[in-house]
Protein chains: 2
Amino acid sequence: MKKNYTIVIDTLGSDKGPEAIIEGTKLVLNEFNNVNITLVGDEELIKSKGLPTDRVKIIHAPETVTNYDSPIEAFYKKANVSVFKAVEECSKDENAIGIISSGNTGALLVGTLRYLLDEKRTRPALAAILPNMAKGFTCLVDTGASIDCGPAQLVEFAHLGTDFMRKLYKIENPRVGLLSNGSEPTKGNHLVKETHPLLAKEEGINFIGNVEGSKALSGICDVLVSEGFAGNQVLKNTEGTAIALITEIMKFGKKTGQEEVAQQIAGYLMKTYDFESLGAGIMLGARKLVLKCRGSSGPAAIRSAAKILINVIEDKTFYE
Amino acid sequence: MKKNYTIVIDTLGSDKGPEAIIEGTKLVLNEFNNVNITLVGDEELIKSKGLPTDRVKIIHAPETVTNYDSPIEAFYKKANVSVFKAVEECSKDENAIGIISSGNTGALLVGTLRYLLDEKRTRPALAAILPNMAKGFTCLVDTGASIDCGPAQLVEFAHLGTDFMRKLYKIENPRVGLLSNGSEPTKGNHLVKETHPLLAKEEGINFIGNVEGSKALSGICDVLVSEGFAGNQVLKNTEGTAIALITEIMKFGKKTGQEEVAQQIAGYLMKTYDFESLGAGIMLGARKLVLKCRGSSGPAAIRSAAKILINVIEDKTFYE
């Protein structure tokens, strides 16, 4: 018999509204019959959508943390914030394998730090799993949860990424690169220059040196370590450039009367550089799985995120 | 009669060796008959290549600044560094319109600061001109010359980029964006948060707010301001992602027996996202044109860079 899982889903925070998230929940329930869902948000609204009561639990927490709030202040001042309640529930419920949220990243970080931090860690980090040219995946960490952090944090990111790639992708000795503006050890900002020697001597880290932004998708490393601001640029620029090129391909197809093959190629690229999944970040350093979907997430993104959680828990790779 | 120009070319610093740069010089001399060249580097080697002596002047300066040297130390300690001599020559020679170097960025910055700084400016910045989806160009500044700089520098970058896009692309009131990890004014690292209100109130700057890395090629702004480390990630990641996608297109063509059209599409993208030119950065804030070619520059890159200098001086757009 298949094992039953519970996934906690924060219904608030997506630009598309809670309806889109609840729609995504339906997709998950239909596709995975061994999954139960705990939905957190506006109870009345959720109830009105007619989900199967035997597989869906509802927690009423209608408040949100916006991009204009301080997440830490919100944690202490607001009583019923959906993302905090969702992480708390995930921590308490033994059957819960993880949480999915498309709300404020900082709030999810604070919630994870408070309720789900791995005891060996000081702080979680938000990673993205980028498809690379070597037919593998590179774990980019951090992608925006830890902005302006220091060298010690970067060393911790190296461990978090190494653990993740070892466990999930069965890479025995993951190669760790440090994002910089040049591959030479002398290149970098103050932070990179301070971090480089620390990583070089760190036990348990297979450090290959500095890696430039142009090599993020090359497969030169399995883990790419960065402070959150620069890592965010790499993640989002990858997406933006892919969109620009795919748009050009479609234009070219139209202009030259080769729309069909242009569409095939664009579809192939979109599958390889799956934007919905690229948008899902995973919080490393937590005791359970914490997935951050982008703010623009719709039903398909929620289904995708649930699939990732199930893959990870069933010891498959991220996008299997 | 066509006006005669002199272009100063630093022959040292390219990974491909001075021979490749001298080969590029030949291309320039053949294509542009109103251009004279001053070559700086190893005199004996340059002489051995049989260039026309009536159009080529040689300056002997065989020393280099490597990626392992401190550029400022090298400036004061080494007597005959080609890039410094080249910038000095460009500053002194009335006919010289600009300099092309593919060596160390920091050394070119120091040379420019010392010999060619515009009197209104405190520091040059290295910009890249990115093709955008709105069929225009976005000036990304800084792309790696000013790492770990402060808010005042970023405001200056905004002016440098604005002046450049106004002069070169005839955009009356260039839209200036500030690279951040979110579009809301509350998003950013410390530097961005400090810079945002300064740009908002700065006279002569048409500030549109924070711009995410995913929008660098969108055409949402004409000037994208960033500290050099993060700007370098955007520039190099754009290139890396384009290479990854073009490689995938070729693979797809092979796999599906549609190699010819895949090749057409790849060629079209490579023309639009011209890597040789993307690799050429322009130093803003200098009295003359200072072009930085990438370290891997070969003959075509030198020819491309010379064409850019001529375009700019003849009041055409960058890539015309």
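Preceding this section is the structure that the text describes.
Just so it is clear, the structure is predicted and the values come from calculations on it, not from any experiment.

1. A few points about the packing of helix α1 (residues 18-31) of chain B against helix α11 (residues 299-313) of chain B
Residue and element names in this part refer to chain B.
Reasoning step 1: Running from N to C, α1 and α11 cross one another at 45°; their axes reach a closest spacing of 7 Å. Taken together, the axes of α1 and α11 are oblique relative to one another. Here α1 and α11 pass one another in a crossing that is right-handed. On the side of α1, the interface is formed by Ala20, Ile21, Glu23, Gly24, Thr25, Leu27, Val28 and Glu31, while α11 contributes Pro299, Ala300, Ile302, Arg303, Ala306 and Lys307.
Reasoning step 2: Looking at the contact of α1 with α11, its residues break down into eight nonpolar, two polar and four charged.

2. Re the environment of Thr241 of chain A
Reasoning step 1: Relative to the elements of secondary structure, Thr241 of chain A occurs in helix α8 (residues 228-255).
Reasoning step 2: The spatial distance from the C-alpha of Thr241 of chain A to the C-alpha of Ile171 of chain A is 29 Å, given a sequence separation of 70 residues.
Reasoning step 3: In this view, Thr241 of chain A contacts Leu217, Thr238, Thr241 and Ala242 of chain B; residues no more than four positions away in its chain are not counted.

3. Quick look at the relation of the copies chain B and chain A
Reasoning step 1: Between the two copies, chain B and chain A, the superposition gives an RMSD of 0.0 Å; the rotation angle is 180° and the shift along the axis is 0.0 Å. As the rotation angle and translation indicate, the two copies are arranged about a two-fold axis. Among all residues of chain B, the minimum C-alpha distance to the rotation axis is found for Ala230 of chain B, at 2.6 Å.
Reasoning step 2: Most of the interface of chain B is mirrored in chain A, where 100% of its interface residues are also at the interface.

4. Side note on the pairing of strand β7 (residues 175-180) of chain B
Residue and element names in this part refer to chain B.
Reasoning step 1: Most of β7 is tucked away, with five of its six residues classed as buried.
Reasoning step 2: Of the strand pairs in this sheet, β7 and strand β8 (residues 206-212) are connected by six bridges, and their pairing is parallel. Directly across from Gly177, in β8, lies its bridge partner Gly209.
Reasoning step 3: Where the polypeptide runs from β7 across helix α7 (residues 190-201) and back to β8, its parallel neighbour, the crossover connection is right-handed.
Reasoning step 4: Alignment of β7 against strand β9 (residues 223-225), held across three bridges, turns out to be parallel. Considered in β9, the bridge of Val176 is made with Val223.

5. Quick word on the pattern of salt bridges
A side chain of one charge can pair with a side chain of the opposite charge if their charged atoms are brought near each other.
Reasoning step 1: With the rule as written, the count across this model stands at 28 salt bridges over all chains.
Reasoning step 2: Across the pair Asp69 of chain B and Lys78 of chain B runs a salt bridge whose closest N-O atoms are separated by 3.2 Å.
Reasoning step 3: According to the relative accessible area criterion, Asp69 of chain B is partly exposed, its value standing at 28%.
Reasoning step 4: On the basis of relative accessibility, which here comes to 27%, the residue Lys78 of chain B falls in the partly exposed class.
Reasoning step 5: Taken together, the salt bridges that share partners define one network made up of Lys85, Glu88 and Lys92 of chain A.

6. Side note on the sheet that holds strand β6 (residues 137-141) of chain B
Residue and element names in this part refer to chain B.
Reasoning step 1: Spatial strand order, β3-β2-β1-β4-β11-β10-β5-β6-β9-β7-β8: 11 strands in an open sheet with mixed pairing. Looking at the sheet topology across the chains shown, the edges are occupied by β3 (56-60) and β8. Ignoring which end each strand starts from, the neighbouring axes of this sheet average 25° apart.

7. Here we look at the sheet that holds strand β11 (residues 289-292) of chain A
All names here are of chain A.
Reasoning step 1: Ordered by their spatial adjacency, 11 strands build an open sheet running β3-β2-β1-β4-β11-β10-β5-β6-β9-β7-β8, and the pairing between neighbours is mixed. Bordering the open sheet on either side are β3 (56-60) and β8 (206-212), each of which pairs with just one other strand. On average, adjacent strands in this sheet sit at an angle of 25° to one another, irrespective of strand direction.
Reasoning step 2: Taken strand by strand, helix α1 (residues 18-31) contacts β1 (5-10), β2 (35-41) and β3, and its axis lies near 170° from that of β2.

8. Details of the side chain of Thr112 of chain A
Reasoning step 1: If you trace the backbone, Thr112 of chain A turns up in helix α5 (residues 105-115).
Reasoning step 2: By relative accessible area, Thr112 of chain A is classed as buried at 0%.

9. So, the interface of chain B and chain A
Reasoning step 1: Counting from both sides, the interface comprises 54 residues of chain B and, opposite them, 54 residues of chain A.
Reasoning step 2: For the pair chain B and chain A, the two sides together bury roughly 4900 Å², of which 63% comes from carbon and sulfur.
Reasoning step 3: Seen at the junction of chain B and chain A, the total is two salt bridges.
Reasoning step 4: Two residues, Glu212 of chain A and Lys236 of chain B, come together in a salt bridge whose shortest N-O distance is 2.4 Å.
Reasoning step 5: Linking chain B with chain A are 18 residue pairs in polar contact (both at pLDDT 80 or more), by the criterion used here.
Reasoning step 6: With 21 residues, helix α8 (residues 228-255) of chain B is the largest single contributor of residues to the side of chain B that touches chain A.

The rules behind the values
Residues numbered from 1 in each chain as written. Chains lettered and ligands numbered in written order. Predicted model: local features only at pLDDT ≥ 70, side-chain atom pairs only at ≥ 80, totals over all residues. Heavy atoms only, no water. Axes fitted to C-alpha atoms, helices over the stretch in contact; angles between N-to-C directions. Helix = DSSP H or I, 4+ residues; strand = E, 2+ residues; numbered from the N terminus. Parallel < 35°, antiparallel > 145°, perpendicular 65-115°, else oblique. Left-handed = near helix turned anticlockwise from the far one by under 90°. Contact = heavy atoms within 4.5 Å. Nonpolar A, V, L, I, M, F, W, Y, C, P; charged D, E, K, R; others polar. Least-squares fit on C-alpha atoms with pLDDT ≥ 70 in both. Buried < 20%, exposed > 50% of the residue type's maximum accessible area, 1.4 Å probe, protein only. Pairing = 2+ DSSP bridges. Right-handed = clockwise from strand over helix to strand, strands pointing away. Salt bridge = Lys/Arg side-chain N within 4 Å of Asp/Glu carboxyl O. Buried area = accessible area lost by both parts, 1.4 Å probe. Polar contact = N/O pair within 3.5 Å; in protein donor to acceptor, adjacent residues only side chain to side chain.

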